[in-house]
Amino acid sequence: MTRPEGTPPAKRAARAERSVRARQTTPEQQPASPKKAPPVKKQTPPGPEPAPAKKTTVPAEKTAATAKKATPAAKKTAGAAKKTAGAAKKAASTAKKATPPAKKAAATPKKAPAAAKLPQESRTALVRRARRINRELAEVYSYAHPELDFENPFELLVATVLSAQTTDLRVNQTTPRLFARYPTPEDLAAAVPEEVEELIRPTGFFRAKTKSIMGLAKALTEDFGGEVPGRVEDLVKLPGVGRKTAFVVLGNAFGVPGITVDTHFGRLVRRWRWTEETDPEKVEAAVGALFPKSEWTMLSHRVIFHGRRICHSRKPACGACPIAPLCPSYGEGETDPEKAKKLLKYEMGGFPGQRLKPPADYPGKPAPPLAEG
C-alpha cells in the first residue's frame, strides 16, 4: 500500500500545537520522571513474625531462662535465711530458758560467810594488826621450828629439795637411810642413780628428785669445796633450789633472816589481807615490809605452823582460832568451837608431829618411822 503524499494540513497544525504546549510547560508542571528505584533486597516470604521481631524475642527468652535459673538460687538463699532465723529462734529460746536461773541467782545472792568486817585500813593500821597477829602466834607456837629433821646444812638442803610435792613427815621418814649411806656431797655425787632412786622412792617424783640432789651434790663438790654456800645468790644456782629452799637453809642453818613463802604462808597472808599478791617473790617483799628483818625467819615458822594445824585450806577451824578477832576472813570455816576442835591437827589435836627428832621443847609426840616393807 502506497503512503499518501504529504500529511494533511489539519494534522500538521495539531502536532505543532502540541509541541508548543509541551515547550511552554514548567519543570514543576512536568510530571516527575520516575527515578530508578534502588535494587530491592529479596524479601523473605511473610512468615509468622518478621526478622526484627525475632531478634528482639531472643534476648527476652534468654532473660526468662536466666530468671528461671536464678529462681533456685533465690530459693536456696531464702532457705538459708529461714534456717538462720530458726537458729536465732532456738538461741533466743535457749537464752530465755537460761535466764530464769540467772534471775533467780540475782534475786537470791549467795550469802558470804560471816567474816569480821574491818574498816578500810591505813598502812599504819595494817602494820599494827599484822604485828599483833605475829605476837599472838608467838605465844601459841613458842616451840615453832622447821619441821624437817637435819644435822647440818647439807642435810637440810637435800631434805628441803625432797619435800616438794610431799609432806615433811614423809621426807623425815625417808632421809635417815639416805644420809646413812651418803653422808656428804662427795658421796652423793658419786652414787649410782638407781640406788638413790630406790631410797627416795617414798617421797614421789623420785627420778626427777634423784637428778636434782645428785646434781646439787656434784655442784657443791666441784664449785664450793663440798660446803653449802651461805648466800642466796649461790644457792639458787644449784639444781632444784629456788628462793623458798634457799631461805629455809639460810634461816635455819646459817641464821640469815628470810621469809619462806610456801603454800601455807601464801594462803594465810592473803586471808589476813596482808597482801593480795600471789607471786611468791612479791608476797615475800610485801610481807617483809610489815616486819623488822629480825622477825622474818620465826614469822615464817609461826605462819606455816598455824596453816598446818588450824587455818587449813578447805576447812579452817575458825571456832578454835586464837587470832579470830584479828582475822578479816573469820567465818570461812567452822565457827562452832566444838566442831572446830575436831579439825585441829598434829599436837593441837593430840596427834604426833612431823619430825622423828623434834626439838626438846616440842609439846607433841614425835612422828613414827617409816614402816618396813
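Basis of the calculations
Along each chain, the written sequence defines residue order, and numbers are assigned to residues from 1. Only residues with pLDDT of at least 70 get local features here, since the model is predicted, and only at 80 or more are side-chain atom pairs given and counted; chain-wide, interface and lining totals rely on the full set of residues. Excluding hydrogens and water, the side-chain figures rest on all heavy atoms present in the structure. Secondary structure is summarised from DSSP: a helix means a run of H or I of at least four residues, a strand means a run of E of at least two, and numbering begins at the N terminus for each. Partly exposed residues are those whose accessible area sits between 20% and 50% of the maximum for their type, while under 20% is buried and over 50% is exposed, using a 1.4 Å probe and protein chains only. Here, residues are in contact when the closest pair of their heavy atoms is within 4.5 Å. Counted as a polar contact is a pair of N or O atoms within 3.5 Å, where, for protein atoms, one must be capable of donating a hydrogen and the other of accepting one, and residues adjacent in sequence contribute only when both atoms are in side chains. Here the term patch refers to residues with relative accessible area over 30% and no salt bridge, with like charges joined within 9 Å and nonpolar side chains (Val, Leu, Ile, Met, Phe, Trp, Tyr) within 5 Å. Surface accessibility in these figures is a Shrake-Rupley result with a 1.4 Å probe; residues are shielded only by whichever protein chains are displayed. Basic side-chain nitrogens of Lys or Arg form a salt bridge, by our definition, when they fall within 4 Å of a carboxyl oxygen of Asp or Glu. By the counting rule applied here, Lys and Arg register as positive and Asp and Glu as negative, while His and the ends of each chain are not counted. For the purpose of locating charges, the reference atoms are NZ of Lys, CZ of Arg, CG of Asp and CD of Glu. Only the six-membered ring of Trp is used, alongside the rings of Phe and Tyr, when aromatic pairs are assigned; centres must lie within 6.5 Å, and planes under 30 degrees apart are stacked while those over 60 apart are edge-to-face, with the rest tilted.

Draft legend 1. Looking closely at unusual backbone geometry. Look at Gln165: it is not a glycine, yet its phi comes out positive at around 60°. Within the secondary structure layout, Gln165 lies in the loop between α4 (153-162) and α5 (168-181). At Phe205, a residue that is not glycine, the phi angle is positive and equals roughly 50°.

Draft legend 2. Quick peek at α4. Burial analysis of α4 places nine of its ten residues in the buried class, the great majority of the element. Of the residues making up α4, those classed as buried are Phe154, Glu155, Leu156, Leu157, Val158, Ala159, Thr160, Val161 and Leu162. On its buried face, α4 sits against α5, α6 (185-189), α7 (193-200), α8 (206-223) and α10 (243-253). Looking at where α4 begins, the residue whose side-chain oxygen comes 3.1 Å from the main-chain nitrogen of Phe154 is Asn152.

Draft legend 3. A negative patch on the surface, seen in detail. A cluster of acidic side chains, namely Glu276, Glu277, Asp279 and Glu281, defines a negative patch on the protein surface. Here Glu276 shows up in the loop between α11 (263-271) and α12 (280-288). Glu276 gets classed as exposed once you look at its relative accessible area, which sits at 76%.

Draft legend 4. Up close: the environment of Glu334. Structurally, Glu334 can be placed in the loop between α13 (296-309) and α14 (337-341). When its relative accessible area of 28% is taken as the criterion, Glu334 is described as partly exposed. Non-local contacts of Glu334, meaning those with residues more than four positions away in its chain, are made with Pro316, Ala317, Cys318, Gly319, Lys339, Ala340 and Leu343. A distance of 3.0 Å separates a polar side-chain atom of Glu334 from the backbone nitrogen of Asp336.

Draft legend 5. Local environment of the side chain of Asn172. For Asn172, the location among the structural elements is in helix α5. Within the structure, the side chain of Asn172 is placed 2.8 Å from the backbone nitrogen of Asp149, a separation counted as a polar contact. Ignoring anything within four residues of it in the chain, the contact list for Asn172 reads Glu147, Leu148, Asp149, Gln354, Arg355 and Leu356.

Draft legend 6. A look at the packing of aromatic side chains. Per the counting criterion, the structure on display carries seven aromatic pairs. On the numbers, 6.0 Å between centres and 65° between planes, the contact of Tyr141 with Phe305 is edge-to-face. Of the two residues, Tyr141 sits in the loop between α3 (123-140) and α4 while Phe305 sits in helix α13, which places them 164 residues apart along the sequence. The class for Tyr141 is buried, based on a relative accessible area of 0%. The buried category is assigned to Phe305, whose relative accessible area is 1%. Ring plane angle 55° and centroid distance 5.0 Å describe the contact between Trp272 and Trp274, whose orientation is recorded as tilted. Exposure remark for Trp272: the relative accessible area of 1% places this residue in the buried category.

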